[in-house]
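# Residue-level structure breakdown
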Amino acid sequence: MKKYYLLFTVSLFAISAVSFAQTPITGSRMNEIFLQQNISTSGITTPWEITYGPDDYLWVTDSKAYKVFRIDPVTKVKTQVLDLSETSTLTALRRNFTSAASPWPQGGLAGLAIHPDFMNVSTPKKYVYISYVHTFDSTSVLPNGGSFFTNSIVRFTYNTGTGQLESPLVICDTIPGSVDHNSQRMIIAPVNAVSYLFYAAGDMGAGQLASRGRINHAQDINKYEGKILRFNLEPDTDPGTMNSWIPNDNPYNGAKQSGIWCLGIRNNQGFAYDSVRNILYGSSHGPYSDDEVNIIEPSRNYGHPLVIGYAADENYMGSSAGSNSGSSLALITSEVSAAAAIGASYKDPLFAGYPTTKANINNIFTTNPTNAGWPSEAWSGLGLYNYSAIPGWKNSLLMAGLKWGRIIRTKLDNTGTAIAQIGGQDTVCVFDGPQRYRDMAFGPGGKDIYVTMEGGATGTPYSPSINNPQLLTCNNCIQKFTFLGYNTIAGTSSISQFVPIASGKPNTCEDANTITIDATNKNLWVPITDTSGNIVAEINANGNLLGNVTTSMYTNTGTIREKAYSHALYSDRNITITPQTQPGTAVSIRLYMTNAEYIALRDGVNTLSQPSGVGSITNVAIFKNNDVCGAAMAAAAAAVPTTNQSAFGAGGYVVQANINSFSTFYFANVSATLPVNLVSFKGSITNDIARLKWITEDEHGTKTFTLERRLNSRDFYTVAIIPASNEGGQQVYPYSDSAISKLTSPVIYYRLKIADADGKYSLSSVVTVYPANNKGIITIHPNPVVNDVTVEINAAVGEQANWEVTDIAGKTVLQHAVLLNKGNNVITINLAKIPAGSYYLKVAGNNINQAVKLQKL
């Protein structure tokens, strides 16, 4: 795969939140708009690890101050929960060198991981694992050998009463440390369904810079340097304090147990775990180029310092991974031969960043410019974005860049074992700025991204970004980036053409992701995505506050659909959009369809052997009615004012229009006859008179409305014929049916037969009313509902009835019998366990038969 070098032009205390700036920024070349907000700008010296905990708090380590903070992401209040500085009361565990010590190790108090059962209701395990440089050992052990430290891993227990990390248990206190390549990153991930703690031990910088005389042990299975280590989360029964933390099936166990899981690692400073595919990823710094993302597996050898990046490119032939002068590392004669000598355990990286040519590497190695001239980025924190909130991002790895001030996103294929390019390139750079980006975390749902930023490496100024900074200067702080949507450019959305279009589920109403349109994004194009992060629709509310917006999409397979009364063909896709609040003024929508759906419409022929009349996408319009999401168009539909039709990317098309309200949308030929748009049809009974009312919108060629009535299971018959006005805008038609006072049926049904001038007609949905002596009425609140819905039933008589909740396909998801008393009855139904979406609540008995639509959030 060709690679691209992308340059884009101690007691408990709380610190109260202050005024935090909020700034909309363009995130990347994919044009996403994010709201940037400072979460913490003071009180943390050097933020390193950031983890969004299962308790919905941010957990942050301060590497130089040797403290751990717990931060409320909403109020921004941060609480110190651990102090291991030289003044800590934990005498045996605190660091044994002062904050002014020189030399200073790389990192400090750095790594943090939280037990997966931290919030378990029945057996919580409030364990937090901390890695830090504990001891300064000595200097000048070897000529140019650098400084020597010792790292420790300690498990603490979070005391919910005191708000502190307490009860420490040392897991390991013999991991070598240094001023360079000290890694310290940790993650908890399962192996065969059992969770373990993984720790990255760097190669201590052996062979380069200040440690160039130090022997590199990344290939030595008897040394922890340059390895990934694995430990138990809880001690086993092995004798010995430290042995009990080492799993008995670690691959390099022998007469003496070893924490080593795999080897040949240079400086792994990021971990991410894919729970769907069971893959553990690690990001590691390259020497002059070739930062790596590796798939971490047991007993594997990743080649360092014998193979850098991909073995086959041989770009380090004649150079080494260390200094040109005085290095303990030998020159690499052939990376291919080195990989072959390692044997079957060798594993190439999943991805190597910017692998420049052999000639360029040899020149850098010989002339030894500063690292600002090296095409390596020093990837630090690693995150797997497995959410669908941001279009096109799902199943992406995000690397925090230390050198060039940005987050680097690379898309994985469906297996998670290869890169899927985005627009012909391997990476997209996000949040360009002048800081060093150390780590990241994702809020629930993936809409919020939190980033720790540093001013620079220990004791040195920060390295400015190679890009034009888009972010505010924020040294040693925490930033929150909230995805909002896309800007308007030339009257339409700036969304990238590389975002895939949602394919839908065959012959199913599929719920898309719920979005919120509020003051932050009311003038942006806000995307609606499916659970894979692919685009379904976009809304520009044009200043309207729509609240929570739910969407369902139906995808038809087989023969192209045809309207019975007019034989007009309409697309295999329909989309139902329901806002919490309908707009007060016109809003803009963009609805997407796949290439296959467009071709089926374009080339379709109806049962009269007539073509659709669609010659190009410019012949396609959006049609709107008040159907619920379903397999076929029920009510008549009218075209809405179309403002743009165009191809979108390589996989489909998009049609843009302006609307005054939301409901269900279809695609058809702009000149198709899909008669009058019936906005609503309702009925009620007052003083033994049935009051019917229907509202239409944009009538076109409608001749009459025939009001029909049915009793029990009998056929419908005509009550009245009302001429259509055929005027623009909304029209209201009232009708009073006084004849029902003479009818004995406990329930009466009405429908409309809507006829065109050419004799074609369509039928409305059915309205049900109950005569005065047999009336049963139900109301529900709240609606939409999150957990419990309250149902009030006004029963005409006492009787046994049944209620049931059905989905939009008619499948019963909940049901129960209920004994009704005459008059008002109140019941509560818990909907917490059913998925979000549209449902109907039906109550049926001898004297009541009514259904209401409810929305589950």
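Here, every reference points to the structure presented above.
About the criteria used
- Residues numbered from 1 in each chain as written.
- Predicted model: local features only at pLDDT ≥ 70, side-chain atom pairs only at ≥ 80, totals over all residues.
- Heavy atoms only, no water.
- Helix = DSSP H or I, 4+ residues; strand = E, 2+ residues; numbered from the N terminus.
- Buried < 20%, exposed > 50% of the residue type's maximum accessible area, 1.4 Å probe, protein only.
- Areas by Shrake-Rupley, 256 points an atom, 1.4 Å probe, with all protein chains shown as cover.
- Lys, Arg positive; Asp, Glu negative; His and termini not counted.
- Charge placed at Lys NZ, Arg CZ, Asp CG, Glu CD.
- Disulfide = S-S within 2.5 Å.
- Pairing = 2+ DSSP bridges.
- Axes fitted to C-alpha atoms, helices over the stretch in contact; angles between N-to-C directions.
- Core = buried A, V, L, I, M, F, W, Y, C linked by side-chain atoms within 4.5 Å.
- Contact = heavy atoms within 4.5 Å.
- Phe/Tyr/Trp six-rings, centres within 6.5 Å; stacked < 30°, edge-to-face > 60°.

### Considerations on the overall build of the protein
Within the protein, the regular secondary structure consists of three helices and 56 strands. Judged by the C-alpha coordinates and their principal axes, the protein covers about 110 × 60 × 50 Å. For the protein, with 857 residues in total, the buried portion stands at 57%. Working note: accessible area of the protein is about 32800 Å², and carbon and sulfur atoms make up 51% of it. Here the protein contributes 60 positively and 61 negatively charged side chains, and the mean placements of these two sets differ by 4 Å.

### Things to note about the state of the cysteines
Each disulfide is one covalent bond, formed between the sulfur atoms of two cysteines. A complete count under the given rule lists two disulfides for this structure. Each sulfur in the disulfide pair Cys 474 and Cys 477 lies 1.4 Å from the other. One quick way to see it: the torsion about the S-S bond of Cys 474 and Cys 477 is about 135 degrees, and its sign makes the bridge right-handed. The pair Cys 474 / Cys 477 is uniform in exposure class, with both members buried.

### Points about the sheet that holds strand β32 (residues 535–540)
Backbone-to-backbone hydrogen bonds pair the strands of a sheet. The strands run either parallel or antiparallel. Across the sheet, which stays open at both edges, the five strands sit in the order β31-β32-β36-β40-β39 with antiparallel pairing between neighbours. The two strands at the open ends of the sheet, each matched to only one other strand, are β31 (525–529) and β39 (642–648). Between one strand axis and the next, the sheet turns by 20 degrees as a mean value, whatever way the strands run. Where strand β36 (residues 587–594) and strand β40 (residues 652–659) come together, eight bridges link them in antiparallel fashion.

### Notes on the pairing of strand β47 (residues 748–756)
Among the nine residues that make up β47, seven are buried, leaving the element largely enclosed by the rest of the structure. Both strand β44 (residues 702–711) and β47 contribute to a ladder of nine bridges, which runs antiparallel. Each bridged residue has a counterpart across the sheet, and for Thr 702 the counterpart in β47 is Asp 756. Pairing analysis gives three bridges linking β47 to strand β49 (residues 767–769), with the strands arranged antiparallel. What sits directly across from Tyr 749, in β49, is Thr 768.

### Observations concerning the nonpolar core
Considering soluble globular proteins, one finds that nonpolar side chains tend to be buried as a cluster. Formed by 35 residues in total, the largest nonpolar core has its most connected members in Ile 539, Ile 577, Leu 591, Ile 622 and Phe 662. Discounting residues that sit within four places of it in the chain, Leu 591 has contacts with Val 536, Ala 537, Ile 575, Ile 577, Ile 622, Tyr 653, Val 654, Val 655, Phe 665 and Phe 667. Ranked by size, the runner-up nonpolar core spans 30 residues in total, among them Ile 25, Leu 398, Tyr 437 and Val 654.

### Examining the environment of Met 440
For Met 440, the position within the fold is in strand β24 (residues 436–442). Residue Met 440 is classed as buried on the basis of its relative accessible area of 6%. Beyond its immediate chain neighbours, meaning those up to four positions away, Met 440 contacts Ile 50, Gly 381, Leu 382, Gly 383, Leu 398, Met 399, Ala 400, Ile 407, Tyr 450 and Val 451.

### Quick look at the packing of aromatic side chains
For any pair of aromatic rings, geometry is given as the distance between the ring centres together with the angle between the planes. This model, assessed by the stated rule, comprises 33 aromatic pairs. A centroid spacing of 6.0 Å and a plane angle of 50 degrees characterise the contact between Phe 34 and Trp 393, whose relative ring orientation is tilted. Of this pair, Phe 34 sits in strand β3 (residues 33–40) while Trp 393 is found in the loop between β20 (379–385) and β21 (396–401), placing the two residues 359 residues apart along the sequence. Residue Phe 34 shares its accessibility class with Trp 393, and that shared class is buried. With 5.4 Å between their ring centres and 85 degrees between their planes, Tyr 385 and Phe 442 make a pair best called edge-to-face. Of this pair, Tyr 385 sits in strand β20 while Phe 442 sits in strand β24, placing them 57 residues apart in sequence. The burial state of Tyr 385 is the same as that of Phe 442; both residues are buried.

In short, shape yes, function no, at least from these values alone.
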